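Residues per chain are reported as follows:
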Amino acid sequence: MLPDASSNAPFAFYYLLNFERALAWLSERYGDVLDAHERAFLTEFSRLPQASRALLVRMLMRKGTLFRSSRLSYGEIGCPWQAAAPLVALGWVDAAPQVSLDELFALATRPELQQMFAHQPAVNRKGARKADLLDALRVTHGEARPYAAWDAATTDRVFRVIIAPLCERLRLMFFGNLQQDWSEFVLADLGVFQYESVAFAPSSRAFQQREDVDVYLALQACRDALDTHAEGESVDALLEALASIQTGNAWLETRRAKLLFRIGQHCERLQQWDAALGVYARCAWPGARHRSTRVLERCGRFDAAMALAEQAAKAPESEEERQRIARIVPRLQRRLGQPVARATNPRAIQRSVLVLPRPTEPFNVEFAARDHLGKPQAPVYYVENALINSLFGLLCWEPVFAAIPGAFFHPFQRGPADLHAPDFYMRRAAQFGACLAQLESGTYRETILRHLESKAGLQSPFVFWGVLTPDLITLALDCLPAAHLKLWFERLLLDIRSNRSGLPDLIRFWPAERRYELIEVKGPGDRLQDNQIRWLDYCVQYGMPVRVLDVRWTEDTQAGDPLHGDAEAAA
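If you're wondering where the values come from, they're calculated on a predicted model, not measured in any experiment. (Residues numbered from 1 in each chain as written. Predicted model: local features only at pLDDT ≥ 70, side-chain atom pairs only at ≥ 80, totals over all residues. Heavy atoms only, no water.)

1. Observations concerning the overall build of the protein chain
Okay, so step 1: Within the protein chain one finds 27 helices and eleven strands.
Okay, so step 2: By principal-axis analysis of the C-alpha atoms, the protein chain measures approximately 75 × 60 × 55 Å.
Okay, so step 3: Taken over 571 residues, the protein chain has a buried fraction of 47%.
Okay, so step 4: Contacts in the protein chain between residues at least 24 apart in sequence constitute 72% of all its contacts with a sequence separation of at least 6. (Helix = DSSP H or I, 4+ residues; strand = E, 2+ residues; numbered from the N terminus. Buried < 20%, exposed > 50% of the residue type's maximum accessible area, 1.4 Å probe, protein only. Contact = heavy atoms within 4.5 Å.)

Okay, here's the thing in structure tokens:
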């Protein structure tokens, strides 16, 4: 539980202590990147009264920049007006901000708004939603005004945190992203999230120069603009803004490429084909070439689509592209009147049908299949992507959390920052090689069990602690051949972004025989996804026991739904 904020004990200011830890971290590692305003903030903040520092941090940890004083009631801080006075004097907080109508609606409750606008007919309409009231009032109340001008009867005050953008920049520099916030400290203190301790150098940081921070924020602004881009509008302004952002940072270029890809997809949804092609042509994000081929096909430019498809077929960037191009080429050949190349016969994947009574309550079809198939002598577990990823993460814990440059730069990282970088494996090839060699020497079992105990609960991009149980791990180590583990782990390392998902839903063990079976479950009308097909094909290629189980409901089969494969009736 959270510390008691009503107490005057030192731990009542736990959030302030954590924020000050972050500022000390930034001062130590980013002294050459901070500008005069940011350095002044660090200095002035430390000189403020404790209540003022605490109030500012409380507001920074909450959503938005506008706050009513009546909703800033914290026992350890006391009167918010008094605590805010030094912040106002520094210009960090505005105690009489202009409040727009939209902001007012975010601050006030519906009854309060009804009282403020009692003379407006729309407000008194029975059953009117808050959003309807806002739309009705926008026509006549477009100008911002002080909160007291909206509500003459109130004694409440509104504060606007002017310093928030500077503090957001500091948050970005500390975490290296805008997804994490200051609550990470609290969650870590409470044990909600626990992180591996990585002994990285004091010089380690997300951004090497001030311009990198500027580029990140500019890219984020473009991303926000894309999220609010109206249908029918041109993306030219967005693309122009993106093109104006210059950087030599490879990580930031990757973020730009991903954003370009998203813009291309947005253009496709709007059927702006030429714009989409232009975007994909300058995009280095995986999948851009395939999307260009699809757009050319949609436009009827079959010759150009075929030329691009043939280029991709000769040198595919990934298994995913190879799979998708193989699906496109026969369509294009038919469109062009060319002989359709005979597709290579796919590897035979065993399929069978399980007929079950339809559950009376909503129930995952995977759980229904698991419960039916499981026997004391052959237990079945629902693991999907969790088991194989977790075994990999436990065996290869050290290389994943190796403190190499550009991988770790603050204490709250679930995994290395370069996890999806093209050179992630190569930068750690020797360490990963040593781990995989244990699968041949037989020492892997000891390593996995040791990490299962010593790293329990620590955040990892691969380990699913909520799924792992002693019984499951014991059965897995007893029944999964080391040769199969090595093949799975090598495929994960080949393309971590794509191959961490798509694994079969269920695993069945026969402990007495030390063998297993992977089972992908499909309910009525459900089809295999591309990444699932690739994993199934890989398993079949290397002779691993795997099958697809199609679940059908008894009443559907009695009504004439055809069965295929080897039927397995429910007992």
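Still more to cover.
2. A word on the environment of Ala-89
Okay, so step 1: For Ala-89, the position within the fold is in helix H4 (residues 80–89).
Okay, so step 2: Judged by its relative accessible area of 70%, Ala-89 is exposed.
Okay, so step 3: Distance in space between the C-alpha atoms of Ala-89 and Trp-25 is 27 Å, their sequence separation being 64 residues.

3. Brief notes about the packing of aromatic side chains
Okay, so step 1: Applying the stated criterion across every chain yields a total of 32 aromatic pairs.
Okay, so step 2: Plain terms: the ring middles of Trp-25 and Phe-174 are 5.8 Å apart, the flat faces sit at 65 degrees to each other, and that makes the pair edge-to-face. Linking Trp-25 in helix H1 (residues 14–29) with Phe-174 in helix H9 (residues 164–175), this pair joins segments that are 149 residues apart in sequence. Phe-174 carries the same exposure label as Trp-25, and that label is buried. (Phe/Tyr/Trp six-rings, centres within 6.5 Å; stacked < 30°, edge-to-face > 60°.)

4. Regarding the confidence of the model for the protein chain
Fine structural detail should not be taken from predicted coordinates in areas where pLDDT scores are low.
Okay, so step 1: Per-residue confidence for the protein chain averages 90 on the pLDDT scale, and 93% of its residues sit at or above 70.
Okay, so step 2: When the criterion is pLDDT under 50, residues 1–8 qualifies, and its contacts beyond four places in sequence or with other chains add up to 18 contacts.
Okay, so step 3: Segment residues 562–567: pLDDT under 50, and 13 contacts once partners within four positions in sequence are set aside and those in other chains are kept. (pLDDT = per-residue confidence, 0-100.)

5. Considering the pattern of salt bridges
Okay, so step 1: Counted under the stated rule, the structure contains 39 salt bridges.
Okay, so step 2: With a shortest N-O distance of 2.7 Å, Arg-291 and Glu-268 are connected by a salt bridge. Within this pair, whereas Arg-291 is found in helix H15 (residues 288–298), its partner Glu-268 is found in helix H13 (residues 250–269), the two being separated by 23 residues in sequence.
Okay, so step 3: Assessed through its relative accessible area of 12%, Glu-268 is described here as buried. (Salt bridge = Lys/Arg side-chain N within 4 Å of Asp/Glu carboxyl O.)

6. Overview of the packing of H9 against helix H11 (residues 210–227)
Okay, so step 1: Between H9 and H11, the least distance of the axes is 11 Å, while the angle of their chain directions is 110 degrees. On the basis of their axis angle, the class for H9 and H11 is roughly perpendicular. On the side of H9, the interface is formed by Arg-169, Leu-172 and Met-173, while H11 contributes Arg-210, Val-213, Asp-214, Tyr-216 and Leu-217. (Axes fitted to C-alpha atoms, helices over the stretch in contact; angles between N-to-C directions. Parallel < 35°, antiparallel > 145°, perpendicular 65-115°, else oblique.)

7. Some remarks on the environment of Gln-120
Okay, so step 1: The topology assignment puts Gln-120 in the loop between helix H6 (110–116) and helix H7 (130–138).
Okay, so step 2: According to the relative accessible area criterion, Gln-120 is buried, its value standing at 18%.
Okay, so step 3: Along the backbone, Gln-120 and Leu-137 are 17 residues apart, and their C-alpha atoms lie at a distance of 8.3 Å.
Okay, so step 4: Discounting chain neighbours no more than four positions away, the residues touching Gln-120 are Leu-137 and His-141.

8. Details of the nonpolar core
Okay, so step 1: Phe-41, Phe-45, Ile-263, Leu-480, Trp-488, Phe-489 and Phe-509 are the most contacted members of the largest nonpolar core, which has 145 residues in total.
Okay, so step 2: Formed by 16 residues, the second largest nonpolar core is a distinct cluster that contains Leu-101, Leu-107, Met-116 and Leu-137. (Core = buried A, V, L, I, M, F, W, Y, C linked by side-chain atoms within 4.5 Å.)

9. What about the pairing of strand E8 (residues 506–510)?
Okay, so step 1: In terms of residue burial, E8 counts as a mostly covered element, since five of its five residues are buried.
Okay, so step 2: Of the two faces of E8, the one holding Leu-506, Arg-508 and Trp-510 and the one holding Ile-507 and Phe-509 are both buried throughout.
Okay, so step 3: In this sheet, strand E9 (residues 515–522) lies alongside E8 in antiparallel orientation, the contact comprising five bridges. When the sheet's bridge partners are listed, Leu-506 is paired in E9 with Ile-519.
Okay, so step 4: The loop that links E8 with its antiparallel partner E9 comprises four residues; one of these, Arg-514, has a positive phi angle of about 50 degrees. (Pairing = 2+ DSSP bridges.)

10. As for the side chain of Gln-459
Okay, so step 1: Looking at the secondary structure, you find Gln-459 in the loop between helix H22 (444–454) and helix H23 (470–479).
Okay, so step 2: Taking the relative accessible area as the measure of exposure, Gln-459 reaches 17% and is therefore buried.
Okay, so step 3: Apart from residues no more than four positions distant in its own chain, Gln-459 is found in contact with Phe-193, Gln-194, Tyr-195, Trp-397, Phe-401 and Arg-414.

11. Some remarks on helix H2 (residues 36–47)
Okay, so step 1: Between its terminal C-alpha atoms H2 stretches 17 Å, which fits the 16 Å expected from twelve residues at 1.5 Å a residue.
Okay, so step 2: Within H2, the full set of buried residues consists of Glu-38, Phe-41, Leu-42 and Phe-45. End-on, the buried residues of H2 take up no more than an arc of 95 degrees, which puts them together on one face. Summarising the geometry of H2, the exposed residues directed more than 90 degrees from the buried face are Ala-36 and Arg-47.
Okay, so step 3: Buried residues in H2 make contact with H1, helix H3 (50–60), H9 and H11.
Okay, so step 4: Its side-chain oxygen placed 3.1 Å from the backbone nitrogen of His-37, Asp-35 serves as the N-cap of H2. (Expected span 1.5 Å × (residues − 1). Arc of directions from axis to C-beta. Polar contact = N/O pair within 3.5 Å; in protein donor to acceptor, adjacent residues only side chain to side chain.)

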